[in-house]
Amino acid sequence: MGKIAVCPGSFDPITYGHLDIIQRGAKVFDEVYVCVLNNSSKKPLFTVEERVQLIEEVTKPIPNVKVDTFQGLLVDYAKSVNANAIIRGLRAVSDFEYEMQITSVNRVLNEDIETFFVMTNNQYSFLSSSIVKEVAKYNGNISELVPKPVEEALKKKFSLD
Ligand code: PNS
């Protein structure tokens, strides 16, 4: 069996920063499941279906990427697809504490699943879905922050067309 990893997140919506991490993960693992999960501290703009559809569209050129969603614990999802690795992106030191907390919880829940951190390309170290939504809301230029289908979906959401 090949090396299977899960790349989890809220992806509300997917940005070039996420895509960078997914592409890097897909070079190392045989299969990468990009999974939209619920983050109980966030109130999403896009529905799960919309987020999945956008990820599917922009990851289409990467053959070993599959897109999925799960209502429940990340470690349970990972087990269900036979993944023993989780890929998370790190942008800056400010991400560290949050990521350490998630990783530690996941390790307590299932110590057989290892988390791997991938450093985002420097050009995306400031980028987040929240920043993108903020700029899009006020009709700012987001063409260098998100792929075209995401840009269009954001414009539609904020009725800027
Ligand atoms: O993109 P995000 O919001 O930083 O991703 C966080 C996410 C969705 C990966 C995390 O909240 C998660 O794993 N949610 C599923 C529920 C779970 O497993 N919680 C325990 C670990 S925090």
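Our structure's up above, just so we're on the same page.
Residues numbered from 1 in each chain as written. Predicted model: local features only at pLDDT ≥ 70, side-chain atom pairs only at ≥ 80, totals over all residues. Heavy atoms only, no water.

1. What about the side chain of Lys-133?
Mapped onto the elements, Lys-133 comes out in helix α5 (residues 129-137). Classification of Lys-133 as buried rests on a relative accessible area of 18%. With near-sequence residues (within four places) excluded, Lys-133 lies in contact with Asp-12, Pro-13, Leu-45, Leu-154 and Phe-158. (Helix = DSSP H or I, 4+ residues; strand = E, 2+ residues; numbered from the N terminus. Buried < 20%, exposed > 50% of the residue type's maximum accessible area, 1.4 Å probe, protein only. Contact = heavy atoms within 4.5 Å.)

2. Focus: the site of the ligand
Inspection of the region around the ligand gives 13 residues, with Ser-10, Asn-39, Lys-42, Leu-74 and Tyr-98 positioned closest. The side chain of Asn-39 places a nitrogen or oxygen atom 2.8 Å from an oxygen atom of the ligand. Backbone polar atom of Leu-74 to an oxygen atom of the ligand: 2.8 Å apart, as the coordinates give it. Alone, the ligand offers 520 Å² of accessible surface; in the complex the protein occludes 82% of this. Among the elements of the structure, β1 (4-9) and α4 (96-109) are those that each provide at least two residues to the shell around the ligand. (Near = heavy atom within 4 Å. Polar contact = N/O pair within 3.5 Å; in protein donor to acceptor, adjacent residues only side chain to side chain. Areas by Shrake-Rupley, 256 points an atom, 1.4 Å probe, with all protein chains shown as cover.)

3. A look at the environment of Ile-87
Within the secondary structure layout, Ile-87 lies in strand β4 (residues 85-90). The spacing of Ile-87 and Val-118 is 31 residues in sequence and 7.1 Å in space, taken between C-alpha atoms. Aside from chain neighbours lying at most four places away, what touches Ile-87 is Ala-5, Val-6, Cys-7, Pro-8, Ile-21, Gly-25, Phe-29, Val-32, Phe-116 and Val-118.

4. Section: the sheet that holds strand β2 (residues 31-36)
Pairing in this open sheet of five strands is parallel, and the strands run β3-β2-β1-β4-β5 from one edge to the other. Of all strands in the sheet, those bounded by a partner on one side alone are β3 (65-69) and β5 (114-119). Each strand of the sheet is rotated relative to its neighbour by a mean of 30°, with strand direction disregarded. Relative to β5, β4 runs parallel, the two sharing six bridges. Across the sheet, Leu-90 pairs through a bridge with Met-119, a residue of β5. The sheet strands contacting helix α2 (residues 48-59) are β2 and β3, and the helix crosses β3 at an angle near 180°. Those strands touched by α4 are β4 and β5, and its axis lies near 170° from that of β4. (Pairing = 2+ DSSP bridges. Axes fitted to C-alpha atoms, helices over the stretch in contact; angles between N-to-C directions.)

5. A few points about the nonpolar core
Within the largest apolar cluster, 33 residues are counted, with the highest numbers of intra-cluster contacts made by Ile-14, Ile-22, Val-32, Val-34 and Ile-87. Among the secondary structure elements, those contributing two or more residues to this core are β1, α1 (16-28), β2, α2, β3, β4, α5 and α6 (148-157). Excluding its chain neighbours within four sequence positions, the residues that come into contact with Val-32 are Ala-5, Cys-7, Gly-25, Ala-26, Asn-64, Val-65, Lys-66 and Ile-87. Formed by 13 residues, the second largest nonpolar core is a distinct cluster that contains Leu-74, Val-81, Ile-86 and Ile-113. (Core = buried A, V, L, I, M, F, W, Y, C linked by side-chain atoms within 4.5 Å.)

6. Side note on a nonpolar patch on the surface
Taken together, the side chains of Leu-73, Val-105 and Leu-109 make up a nonpolar region of the molecular surface, amounting to roughly 250 Å² of accessible area. Take Leu-73: it is sitting in the loop between β3 and α3 (74-80). On the basis of relative accessible area, Leu-73 is assigned to the partly exposed category, the value being 43%. (Patch = residues over 30% accessible without salt bridge, like charges linked within 9 Å, V, L, I, M, F, W, Y side chains within 5 Å. Salt bridge = Lys/Arg side-chain N within 4 Å of Asp/Glu carboxyl O.)

7. Side note on the side chain of Asp-95
Here Asp-95 lies in the loop between β4 and α4. Each residue touching Asp-95, except ones within four places of it in the same chain, is listed here: Gly-89 and Leu-90.

8. Regarding the pattern of salt bridges
In total, this model carries 10 salt bridges according to the counting rule given. Between Arg-51 and Asp-12 there is a salt bridge; the shortest N-O distance is 4.0 Å. Of the two residues, Arg-51 is situated in helix α2 and Asp-12 in the loop between β1 and α1; the sequence distance between them amounts to 39 residues. Across the pair Glu-151 and Lys-155 runs a salt bridge, and its minimum N-O distance is 3.6 Å. Note that Glu-151 and Lys-155 are positioned in helix α6 at a spacing of four residues, about one turn of the helix. Connected via shared salt-bridge partners are Asp-12, Arg-51 and Lys-133.

Any functional reading would require information that these geometric values do not contain.
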